[in-house]
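Chains, contacts and geometry: an overview
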Amino acid sequence: MNDSVFHRLYDSYHQDVFQFLIYLVKNRQTAEDLVQEVYVRVLKAYSRFEGKSSEKTWLFSIAKNVAIDHFRKQTVRKKRLFESFDWETMQLASTEMLPEDSVQLNDEMRSLLIALDDCTGDQKMVIIMRYFQELSIAETAQILNWTEGKVKTTQHRAIKALRERLSVTEKEGNVHHE
């Protein structure tokens, strides 16, 4: 992989990849470290990139894997157990709060990101990819190596779960204000 290709990929997608990771891990330093890992993997794997997907979806699939590895390591560290980590069903919940300076989000988006911690890992990935990164259903399916139908179903379930979670949060909020 020559320098110009690497720099083009970095310049084109760095901000998107960084935002995707910060939405998942909610920690600026961790997201920066994970972005570095993404580009280390890009350098190692670029010779095997066959162009079957766009460079963007290829990069996001690497970022997804880096994030899953991060959560897997966190879980193992916390539990000191080497049980299987199934990101599709387990929560990819970060205990961190979103850094104020890193992501300029309105209150609605911030509440949504916090509520996402109650969703399964696959639901969280789909919502972030579709609504925060504005990827298409086809691109999301490609990154996750799923069918478009599975993306739609997961998105539907996630939205339903989020609506329920946000309405509970809203009700709790109203109780505290009275």
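Quick summary incoming for the structure in this document. Keep in mind it's a predicted model, so treat the numbers as computed, not measured.

So, how was this worked out
Residues numbered from 1 in each chain as written. Predicted model: local features only at pLDDT ≥ 70, side-chain atom pairs only at ≥ 80, totals over all residues. Heavy atoms only, no water. Helix = DSSP H or I, 4+ residues; strand = E, 2+ residues; numbered from the N terminus. Contact = heavy atoms within 4.5 Å. Areas by Shrake-Rupley, 256 points an atom, 1.4 Å probe, with all protein chains shown as cover. Phe/Tyr/Trp six-rings, centres within 6.5 Å; stacked < 30°, edge-to-face > 60°. Lys NZ or Arg CZ within 6 Å of the ring centre and 35° of its normal. Axes fitted to C-alpha atoms, helices over the stretch in contact; angles between N-to-C directions. Parallel < 35°, antiparallel > 145°, perpendicular 65-115°, else oblique. Left-handed = near helix turned anticlockwise from the far one by under 90°. Nonpolar A, V, L, I, M, F, W, Y, C, P; charged D, E, K, R; others polar.

1. A closer look at the overall build of the protein
Within the protein, the regular secondary structure consists of 7 helices and 0 strands. Reading the helices (α) and strands (β) of the protein from amino to carboxyl end gives α-α-α-α-α-α-α. Put simply, 64% of the contacts in the protein that link residues at least 6 apart link residues at least 24 apart. Surface accessibility of the protein: about 10300 Å² in total, with carbon and sulfur atoms responsible for 48%.

2. Some remarks on the packing of aromatic side chains
For the structure shown, the criterion picks out 8 aromatic pairs. Taken together, Phe6, Tyr10 and Tyr39 form an aromatic cluster joined through their ring pairs. For the cation-ring pair, arginine 130 lies above tyrosine 131, with the distance from its terminal atom to the ring centre recorded as 5.8 Å. Here lysine 150 stacks its cationic end above the ring of tryptophan 146, 4.4 Å away from the centre of that ring.

3. Structural notes on the packing of helix α4 (residues 107-116) against helix α5 (residues 121-132)
Where α4 meets α5, the axes come as close as 10 Å, and the angle between the chain directions of the two elements is 160°. Here α5 runs roughly antiparallel to α4, going by the angle between their axes. Seen from above, α4 lies across α5 with left-handed handedness. Taking contact as the criterion, the partners of Met109, Leu112, Leu113 and Leu116 in α4 are, on α5, Gln123, Lys124, Ile127, Ile128, Tyr131 and Phe132. Grouping the amino acids of the contact of α4 with α5 by side-chain chemistry returns 8 nonpolar, 1 polar and 1 charged.

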